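# Summary of structural features
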Amino acid sequence: MDVYFEYLEQVFGPLLNPQKRIFIGYLVSALAIALFVHIAIARATIGKAMSGIFARSIWLSRSATADYTVMIVNQAIMMGVAPRLISKLVIATILFESLHIWFDGRVTLLPQTPAWVVATLFTLTLFLLDDATKYLVHRALHRFPALWSFHKVHHSAEVLTPFTVYRTHPIEAVIFSLRSILVQALLVGAFLFFFGDRATLMTVLGANAFLFFFNLAGSNLRHSHVWISYGSFLERWLISPAQHQIHHSVEDRHHDRNFGAVLAVWDRFGGSLCLATPENRPAGYGIKGGSSAPHNLTTLYLHPFSEAAQAVLHPFLRGSKDMLKTIRQSRALRWTALGVLAALAGIMAQSTQSKAAGELNIYSHRQPFLIEPFLDAYTKKTGTKINVVYASKGLAQRLLAEGERSPADVILTVDIARLSVYADKDLLAPVHSEVLLENVPPHLRASDNRWFAFSKRARVIVVSKAAGDANTIKTYEELVDEKWRGRICLRPGSHVYNRALVASFINADGVAAAEKWARGLIANLARRPQGNDRAQVKAIFEGVCDISIINNYYYGKLKTSDKSAQRDWAAAVNLIFPNQQGRGTHINISGGGVAIHSRNKEEAVRFLEFLTSAKAQKLYGSVNFEYPVNPKVEPSPELKALGSFKEDQVPIYRISELAPEAQKVIDRVGW
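Figured I'd write up the structure that's included with this text. (Residues numbered from 1 in each chain as written. Predicted model: local features only at pLDDT ≥ 70, side-chain atom pairs only at ≥ 80, totals over all residues. Heavy atoms only, no water.)

### Considering the overall build of the protein
Helix and strand content of the protein: 28 helices and twelve strands. Counting every position in the protein, which comprises 671 residues, the buried fraction comes to 53%. Restricting to contacts in the protein with at least 6 residues of sequence separation, those with at least 24 account for 76%. Carbon and sulfur atoms provide 61% of the accessible area of the protein, an area that totals close to 29,600 Å². (Helix = DSSP H or I, 4+ residues; strand = E, 2+ residues; numbered from the N terminus. Buried < 20%, exposed > 50% of the residue type's maximum accessible area, 1.4 Å probe, protein only. Contact = heavy atoms within 4.5 Å. Areas by Shrake-Rupley, 256 points an atom, 1.4 Å probe, with all protein chains shown as cover.)

### Looking at the environment of Leu160
Tracing the sequence through the fold places Leu160 in the loop between α8 (145–155) and α9 (170–195). Between the C-alpha atom of Leu160 and that of Ser63, which follows or precedes it by 97 residues, the distance is 8.3 Å. In this structure, Leu160 is in contact with Ile58, Arg222, His223, Ser224, His225, Gln245, His248 and Tyr285, ignoring residues within four places of it in sequence.

### Let's talk about the packing of helix α20 (residues 496–509) against helix α21 (residues 511–523)
Think of two packed helices as two axes; the pair is described by the angle between the axes and how far apart they sit. Put simply, α20 and α21 touch, their axes get as near as 7 Å, and they point 135° apart. Regarding the angle of α20 to α21, the classification is oblique. In this structure, the crossing between α20 and α21 has a hand that is right-handed. Contacts from Leu501, Val502, Phe505, Ile506 and Asp509 of α20 reach α21 at Val511, Ala513, Ala514 and Trp517. (Axes fitted to C-alpha atoms, helices over the stretch in contact; angles between N-to-C directions. Parallel < 35°, antiparallel > 145°, perpendicular 65-115°, else oblique. Left-handed = near helix turned anticlockwise from the far one by under 90°.)

### Focus: the state of the cysteines
The tally for this structure, following the rule as stated, stands at one disulfide. Between Cys489 and Cys545 runs a disulfide, and the two sulfur atoms are separated by 2.2 Å. Its torsion about the S-S bond being -125°, the disulfide of Cys489 and Cys545 is classed as left-handed. Of this pair, Cys489 sits in strand β8 (residues 488–489) while Cys545 sits in the loop between α22 (533–541) and β9 (547–551), placing them 56 residues apart in sequence. (Disulfide = S-S within 2.5 Å.)

### Let's talk about a nonpolar patch on the surface
A cluster of nonpolar residues, Ile39, Ile46, Met50 and Phe54, forms a patch on the protein surface that exposes about 350 Å² of accessible area. Relative to the helices and strands, Phe54 is located in the loop between α3 (46–53) and α4 (56–59). The partly exposed category is assigned to Phe54, whose relative accessible area is 41%. (Patch = residues over 30% accessible without salt bridge, like charges linked within 9 Å, V, L, I, M, F, W, Y side chains within 5 Å. Salt bridge = Lys/Arg side-chain N within 4 Å of Asp/Glu carboxyl O.)

### Points about the packing of α22 against helix α24 (residues 564–571)
Where α22 meets α24, the axes come as close as 8 Å, and the angle between the chain directions of the two elements is 75°. One element, α22, and the other, α24, form an angle in the roughly perpendicular class. In contact with Arg534, Val537, Lys538 and Phe541 of α22, α24 contributes Asp568, Trp569 and Ala570. Residue composition of the contact of α22 with α24, by class: four nonpolar, no polar and three charged. (Nonpolar A, V, L, I, M, F, W, Y, C, P; charged D, E, K, R; others polar.)

Here is the structure:
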């Protein structure tokens, strides 16, 4: 039943989503424009205008009903396919981190530029790049025979309605989905790297502002029988509804014209622009000499595969007409195509199968070797079978895409910033558990009990044993002293660990003091911010610098590493817990919660309770060198060897709330 409602939401949801072309608001605006054209320009009565716009011969034609059918079938297929496509978050994160390496640290452009200017630039750039790539992909679909085999499904429409936009073969839908993912991900990653959190999208009702107004201006009339031209001047800049109707023309003279989605400039540059003059009005729509049954589902879904195979093999079988004919008519190929479509639909069915009792599905950002001891212990205790999806990036995006059909029961992640992403996107369910409330202190859990901390990691100072003066450091604040000039190494400030540390300064002393500290810290660097926490310890060992800031568990991992070189790095440094006479050492957390659409919430809660139990809390110390959150559990011997410390008691959710302001500070000082 959940799958059924999810499917209905996929089919009818676009009517209520301003990010979709057939949003009801855009349809109403298109109707208003169409009525104006019929009444004010064509001098028709309201009744005649309405009957013309909603003619049965168009809306109930075989072509239009095929549009509706394809839309319904495709939504079922894409429900399973879309979540399996690479996510925008994954690509954006890879680019963001790669840019740190390519530029040897963080580069901030135009730091004094107002946020609204950057937001406008980001929104406009995204709009232009999105539109340009739509033009290029659209042109490629016409240019290459194998791709045209699938795109011609769209062009086989013999009447045009706003729902013709959904008359696409699933292969084309995947191509355009990947285009959108790639464009948006690359732009987001680049803008966040160069402009920080000023790179926000200007939206109207959640849609790109530029696209919103274009759609509101009657974009749905592109697929309609209402002829609206913008005039020769504007049509050299914007694609009018009439120009797109020319693109669908059955006439040879209109072939390969007006590929653009919004802007006509791409067609002007590419020599494919055709203005909507009266003499260019199409005599009809569709494909000249196309299939005798253009609206048959077999023609729409299966024939493109055999035609694509023929197009691919044509250069190799150029002289064998009989062989090409056999390929075109091959039942085997059609059955293969049917199998491909069935497999796509099967992906959806597989993802929506109900889970058997005694199973738990976990989405984890934590590396397998870090969490497997906990899973083994829980399975041994309860007999529950645990299935885990591991990924360092992109799980929140995947959970969003899966919606109510997500198989996830538990989310496990590291640091409060990533945990807050799930809470902010409403991907975690409130949990009612006396055990969790008892085991996790209030400052280490969400006020609405949507997430809980399971372990603590301290942001400590490490110093070279050979640098006697550095071993006297007692606080984070001392690191800005000029005597440390050229002696400090750090990882990039935009990393969540350092951003959280800056947020803790803002909480304690305010934005101005935090910025002054960060600026002084950067002035004392021995090199540009680079590498991870392990790399900072290595740099101290190699004599690049004497001081750094890392998470305590990196030191523990290096100290007990099976690689002798890493043990040597750890042996070269001392670990200092700062601010013991003041607010205490800054801590971050690992944590998690119950997935909002979990179908196994009771088991999920029991697993969270287990993670806060004495057995699991001791595992966090012995396996991961992380401190227990349960106040009744003593730190492991491995942690006691590092020394005890006083922690900053700021409610951890405040670190997340202040993270955006912390990022602004980091951007301003060029960390």
